[in-house]
Amino acid sequence: MENQTFDYIIIGAGPAGLASAQYAARAGLKCLVLDMAGAGGQVNQITDLENYPGVFPTVKGPALMSVMEEQAKSFGAEIQMVQVTSIDKSGSNYIVTCRNKTFEAPCLCIATGAIHRNLGVPGEKEFAGRGVSYCAVCDGPFFRNRRIVVVGGGDSACSEAVYLSTLSKDVKIIHRRDSFRAQKAVVDKMLAAGVEPVYDTVVKSINGSAKVESLTLKNVKTGEESTLECDAVFIFAGMLPQASLVEMLPKDEGGYIITNDKMETSMPGLFAAGDVRSKSFRQVVTAVSDGAIAANSAKEFLG
């Protein structure tokens, strides 16, 4: 089995991983980034990123990630599309195992991000790809001028609802509470776009024959159930941190990796950055910051 040694290995090629690679490589570290899906992470699903400092008025998510990837490579970082199957410790080095090859380094950063959480209701799995989606950019154009429902109340749900409102005039957003938890500017923009909110409501089931035809809804205050006809439902019900590779690390109640302000975990030389890390605010800009700090901490750790 092929084995290669580096100073610093980053698992995850989203904004945290790519920023960390750029700073590490620029500091002279032999740096490797591993990601089975290539560069970009969740940012590849953003149509118009409008709140990244210094980029105005907007930038396409994939375009920003492409530039970040080339920037990291220009400083000497290596990026490989492989799936990591396990992480172990041997002496002072971390051993990262992939199919047919292993990598080792004294410093390792977990920047694996988070994925969308399922609702777990009847019909969700059955109609995935047939009206059920978790990516408005990917699937929204298929439902132009159709009846669209968004489920969720955070920044992602409201931002995606805005995008979907450019494709259809019939967009509703279902939220289990009586107000959205998203940033006020995002909510205001969504409401101004004509998206209709449905408060205090949850989805009980997703119904149809060959494709999505309706939702069964329940008002959480009155208990009343109703049926809402629709052609597509886009689900943004929170995120699940991708931390299964490091079960040995302490996590918070949500499963996010606990670090200090230097991105250090409980194990020397092992760092975490981006959406997989326990913190109060998750944005592209905070992920980039985490990655830069982790790289600097790795440089300090190596001396």
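Before reading further, recall that the structure is shown in the block above.
This structure is a prediction, so every number in the text was calculated from the model and none was measured. (Residues numbered from 1 in each chain as written. Predicted model: local features only at pLDDT ≥ 70, side-chain atom pairs only at ≥ 80, totals over all residues. Heavy atoms only, no water.)

A. Molecular detail of helix H2 (residues 61–74). Along its 14 residues, H2 runs 20 Å from first to last C-alpha, staying within 8% of the 20 Å computed at 1.5 Å per residue. Within the sequence span of H2, burial applies to Gly61, Leu64, Met65, Met68, Glu69 and Ala72. End-on view of H2: buried residues confined to an arc of 140 degrees, all on one side of the axis. Of the residues in H2, the exposed ones pointing more than 90 degrees away from the buried face are Val67 and Ser74. For H2, the elements touching its buried residues are helix H1 (15–26), strand S4 (78–80) and helix H6 (284–302). (Helix = DSSP H or I, 4+ residues; strand = E, 2+ residues; numbered from the N terminus. Expected span 1.5 Å × (residues − 1). Buried < 20%, exposed > 50% of the residue type's maximum accessible area, 1.4 Å probe, protein only. Arc of directions from axis to C-beta. Contact = heavy atoms within 4.5 Å.)

B. Looking closely at unusual backbone geometry. Following Phe56, the chain continues to Pro57 via a peptide bond in cis, the omega torsion being 5 degrees. With respect to the secondary-structure elements, Pro57 resides in the loop between strand S3 (31–34) and H2. Backbone geometry places Asn145, a non-glycine residue, at a positive phi of 65 degrees. Inspection of the secondary structure puts Asn145 in the loop between helix H3 (136–139) and strand S11 (148–151). The backbone of Met263 sits at a positive phi, close to 70 degrees, despite the residue not being glycine. One can find Met263 in the loop between strand S18 (239–241) and strand S19 (270–272). Assessed through its relative accessible area of 3%, Met263 is described here as buried.

C. How the structure looks around the pattern of salt bridges. Counted by the stated rule, this structure contains 14 salt bridges. As a salt-bridge pair, Arg147 and Asp231 come within 3.1 Å of each other at their nearest N and O atoms. One end of the pair, Arg147, is in the loop between H3 and S11; the other, Asp231, is in the loop between strand S16 (225–229) and strand S17 (232–235), with 84 residues separating them in the sequence. The exposure class assigned to Arg147 is partly exposed, which follows from its relative accessible area of 30%. Put simply, Lys172 and Glu196 hold a salt bridge, and the shortest N to O gap is 3.9 Å. Taken together, the positions of Lys172 in strand S12 (residues 171–174) and Glu196 in strand S13 (residues 196–198) put the pair 24 residues apart, joining distant regions of the chain. On the basis of relative accessibility, which here comes to 42%, the residue Glu196 falls in the partly exposed class. (Salt bridge = Lys/Arg side-chain N within 4 Å of Asp/Glu carboxyl O.)

D. Representation of the side chain of Gln22. Take Gln22: it is sitting in helix H1. Judged by its relative accessible area of 15%, Gln22 falls in the buried class. With sequence-adjacent residues up to four places away left out, Gln22 is seen in contact with Gln71, Ala72 and Phe75.

E. Local environment of helix H5 (residues 184–192). Listed in full, the buried residues belonging to H5 are Val186, Val187 and Met190. For H5, the buried positions fall inside an angular range of 95 degrees around the axis, keeping them on one side. Away from the buried face of H5 by more than 90 degrees, exposed residues Lys184, Ala185 and Ala192 are located. In this structure, the buried residues of H5 make contact with helix H4 (155–165) and S12. Two residues or fewer after H5 comes Gly194, characterised by a positive phi angle close to 95 degrees.

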